[in-house]
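# Chains, contacts and geometry: an overview
Here are the chains, one letter per residue:
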Amino acid sequence: MASRATTHRIARRAFLGTVLAGATWVGLPRQALAVIELDVTRGNVEPLPIAIPAFAGSGREAQAGADIASVVTANLQRSGLFRPLPPSTFSQPVVSPDDIPSFADWRVINAQALVAGAVGREGDGRLRVDFRLWDVFAGSQITGQQFFAQPENWRRIAHLVSDAIYERLTGEEGYFDTRVVYVAESGPKDRRVKRLAIIDQDGANQRFLTQGEELVLTPRFSPAAQEITYMSYAGNTPRVHRLNIETGQREILNDFPGMTFSPRYAPDGRRLIMSLQEDANANIFTLDLANRQILRLTDSAAIDTAPSYSPDGQRIVFESDRGGSQQLYIMNADGSNPQRITFGDGSFSTPVWSPRGDLIAFTRRSAGQFSIGVIRPDGSGGRILTEGFHNEGPTWAPNGRVLMFFRDTPGANGGPQLWSIDITGYNEYRVPVDGFGSDPAWSPPLS
């Protein structure tokens, strides 16, 4: 039986309050913020200096305030778009959101943005977190919000604060309040136990969703719900399962003849697309989740596998050796008009369409090295983001700016670990999880 893991509900509201007679703390129009707007369309963005002091709090809330500020700092730094300033440079280690900041003090250390927050506790025991984002050089508030949640959910509040800052300063959707499901691996290299696990996008709050009784592979999140599909092998029989993350309910979707590969959701969450092996070749099929009807999309003597839909559901990218080597192809959603898009050295696999629709991530194997790269759907602009001994299995953050993948390390004590990198090829980080991990899949936003 899969363990239960729930999404905790967090209340929020835009914060309105009075600081001086006639002055109201409200978010300013975007055109007033040109001084510190980030242009994230450029390839190499100069990180914005931002000060994030510990959130104010008394008693046991003081530690929560420090912890929340620490997570917000780590989130923004990993994005590569922000440069959190060291707290040792702050003249005020804690800044109350109820006070107008001394902007001159923050200009001295070249802070362009300032986050001020406070943690309190409601009569029913819930945490109340207020925060405000300030434009230091303009001396004005950019935005402010208030969140209510149970104390154990302080980390999720930190992710929501991070998203609010990211969205207000970049104009793009944040991705911090998300989760990643992956295959957690433990034990000796020749007898690995593989379980499904789920973490926050920063590696925290690890929970196991299966208990290791059977081999599990290729977990994939639905883009429309907090549920996943994955492959399991019980008694050497491959089966496609669907697991509801909220309730822990699991069901077998179908017993398919032959071997099944890489089931993945359609953008509307109503269908799965997958590859089914038939003798020496494999073809691509869809499964309607409502009526369990199977529709064949390809019919070739090659191995067609690893399909992934475009965000609008109109096209499919997949890998195939129909041209003599393993390359990437794009076809219409009905299987018509397949076109090859990769022609470089090596073999290409595990294509995944970006949520933006502008790029396709892939794994390339060439000269004994495994690389993670991206390419435009028309086959142009291909570039490698990272390479090494064994990199594989990219998955997109829901805003299409960051990829997560796994990197295997050689040797008797080696194993796969989760890594993230942004689409510029910079800001590469190992995602800290207990044990080894492979085949990550990013969730849609939780809120």
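Structure shown above.
Each residue is numbered by its place in its chain's sequence as written, counting from 1. Confidence filtering applies because this is a predicted model: local features only for residues at pLDDT of at least 70, side-chain atom pairs given and counted only at 80 or more, and all residues used for totals across whole chains, interfaces and linings. Derived side-chain values reflect all non-hydrogen atoms in the structure, with water molecules and hydrogen atoms excluded from consideration.

The next thing to look at is the overall build of the protein. Numbering of helices and strands starts at the N terminus; helices are DSSP runs of H or I of at least 4 residues and strands are runs of E of at least 2. When helices and strands are tallied, the protein shows 3 helices and 32 strands. For the protein, with 447 residues in total, the buried portion stands at 53%. Throughout, a contact is declared for two residues whenever any of their heavy atoms are within 4.5 Å. Of the contacts formed within the protein by residues at least 6 apart in sequence, a portion of 48% connects residues at least 24 apart. Buried, partly exposed and exposed residues are distinguished by accessible area as a fraction of the type maximum, computed with a 1.4 Å probe on protein chains only: under 20%, between the cut-offs, and over 50%, respectively.

This part takes up the sheet that holds strand 13 (residues 227–234). By definition, the strands of a sheet pair up through backbone hydrogen bonds, in either a parallel or an antiparallel sense. For two strands to count as paired, DSSP must find a minimum of two bridges between them. Spatially, 12-13-14-15 is the arrangement adopted by the 4 strands of the open sheet, whose pairing is antiparallel. Since the sheet does not close on itself, it has two edges, and those belong to strand 12 (215–221) and strand 15 (250–254), each with one partner. Pairwise comparison of adjacent strand axes, ignoring direction, gives a mean angle of 30° for this sheet. In the sheet, strand 14 (residues 237–244) pairs with strand 15 via 4 bridges, with the strands oriented antiparallel. Residue pairing in the sheet places Val240 in a bridge with Asn254 of strand 15. Axis definition: a line fitted to C-alpha atoms, over the contacting stretch in the case of helices. Angles run 0 to 180 degrees between N-to-C directions.

Moving on, we come to helix 1 (residues 60–79). The end-to-end C-alpha separation of helix 1 is 30 Å, in line with the 28 Å expected for 20 residues at 1.5 Å each. For helix 1, the complete set of buried residues consists of Glu61, Ala64, Gly65, Ile68, Ala69, Val71, Val72, Asn75, Leu76 and Ser79. Buried residues in helix 1, looked at end-on, bunch into an arc of 165°, giving them a common side. Of the surrounding secondary structure, the elements contacted by the buried residues of helix 1 are strand 4 (48–51), strand 5 (82–84), strand 6 (113–121), strand 7 (127–135), helix 3 (154–170) and strand 30 (416–422). Here a helix's expected span is defined as the number of its residues, less one, multiplied by 1.5 Å. This arc corresponds to the set of directions leading from the helix axis out to the C-beta atoms.

Take Arg192: it is sitting in the loop between strand 9 (179–186) and strand 10 (193–200). Polar side-chain contacts of Arg192 include one of 3.0 Å to the backbone oxygen of Gly414. In contact with Arg192, not counting residues within four places along its chain, are Glu185, Ser186, Gly187, Gly414, Gly415, Pro416 and Phe436. Polar contacts, as counted here, are pairs of nitrogen or oxygen atoms within 3.5 Å of one another; within protein the pair requires one atom able to donate a hydrogen and one able to accept it, and residues that are adjacent in sequence qualify only if both atoms are side-chain atoms.

Turning our attention to the pattern of salt bridges. A side-chain nitrogen of Lys or Arg and a carboxyl oxygen of Asp or Glu constitute a salt bridge if their distance falls within 4 Å. All told, the structure shown has 20 salt bridges when counted by the stated rule. Note that Arg128 and Asp130 form a salt bridge whose closest N and O atoms lie 3.8 Å from each other. A relative accessible area of 26% means that Arg128 is categorised as partly exposed. Given a relative accessible area of 9%, Asp130 falls into the buried group. Because the salt bridges share partners, they merge into one network encompassing Glu227, Arg242, Glu251 and Arg292.

The next subject is the pairing of strand 17 (residues 271–278). Relative to strand 17, strand 16 (residues 260–265) is paired through 4 bridges, and the arrangement is antiparallel. Its bridge partner being in strand 17, Tyr265 is matched across the sheet by Leu272. Counting the residues that bridge the hairpin from strand 16 to strand 17 gives 5 residues, and of these Gly269 lies at a positive phi of roughly 75°. Across 8 bridges, the pairing between strand 17 and strand 18 (residues 281–288) is antiparallel. The residue bridging Leu272 from the neighbouring strand is Leu287, located in strand 18.

Tracing the backbone shows Leu287 in strand 18. As for Leu287 and Arg271, which are separated by 16 residues in sequence, their C-alpha atoms are 5.4 Å apart.

The next point concerns the side chain of Glu185. Its place among the elements puts Glu185 in strand 9. Judged by relative accessible area, Glu185 falls into the buried class, the value being 8%. A polar contact is formed between the side chain of Glu185 and the side chain of Ser438, at a distance of 2.8 Å. Every residue in contact with Glu185, bar those within four places of it in the chain, is listed here: Arg192, Val193, Lys194, Pro416, Gly435, Phe436 and Ser438.

For residues that are not glycine, phi is negative in most cases, and the peptide bond is trans in most cases. A positive phi is found at Asn337, a non-glycine position, where the angle reads about 55°. Here Asn337 is to be found in the loop between strand 22 (327–332) and strand 23 (339–340). The class for Asn337 is partly exposed, based on a relative accessible area of 48%. Backbone geometry at Asp439 places phi at a positive 55°, although glycine is not the residue there. By secondary structure assignment, the location of Asp439 is in strand 32 (residues 436–442).

Turning our attention to the sheet that holds strand 29 (residues 402–408). With antiparallel pairing, the 4 strands of this open sheet are ordered in space as 28-29-30-31. Every other strand in the sheet has two partners, leaving strand 28 (391–396) and strand 31 (429–430) as the edge strands with one partner each. Of the pairings in the sheet, the one linking strand 28 to strand 29 comprises 4 bridges and is antiparallel in character. For Glu392, the partnering residue across the bridge sits in strand 29 and is Phe406.

Let us now look at the packing of aromatic side chains. Each pair of aromatic rings taken from Phe, Tyr and Trp, with Trp reduced to its six-membered ring, is defined by centres within 6.5 Å and is described as stacked if the planes are under 30 degrees apart, edge-to-face if over 60, and tilted in the remaining cases. Enumeration according to the criterion identifies 9 aromatic pairs in this entry. Whether a charge sits over a ring comes down to the Lys NZ or Arg CZ being within 6 Å of the ring centre and within 35 degrees of the ring normal. Here Arg195 stacks its cationic end above the ring of Phe208, 3.6 Å away from the centre of that ring.

With respect to the element layout, Arg322 can be found in the loop between strand 21 (315–320) and strand 22. Excluding residues within four positions of it along the chain, Arg322 makes contact with Thr298, Ser300, Ala302, Asp304, Tyr329 and Pro338. Within the local environment of Arg322, its side chain forms a polar contact with the side chain of Asp304, the two groups lying 2.6 Å apart.

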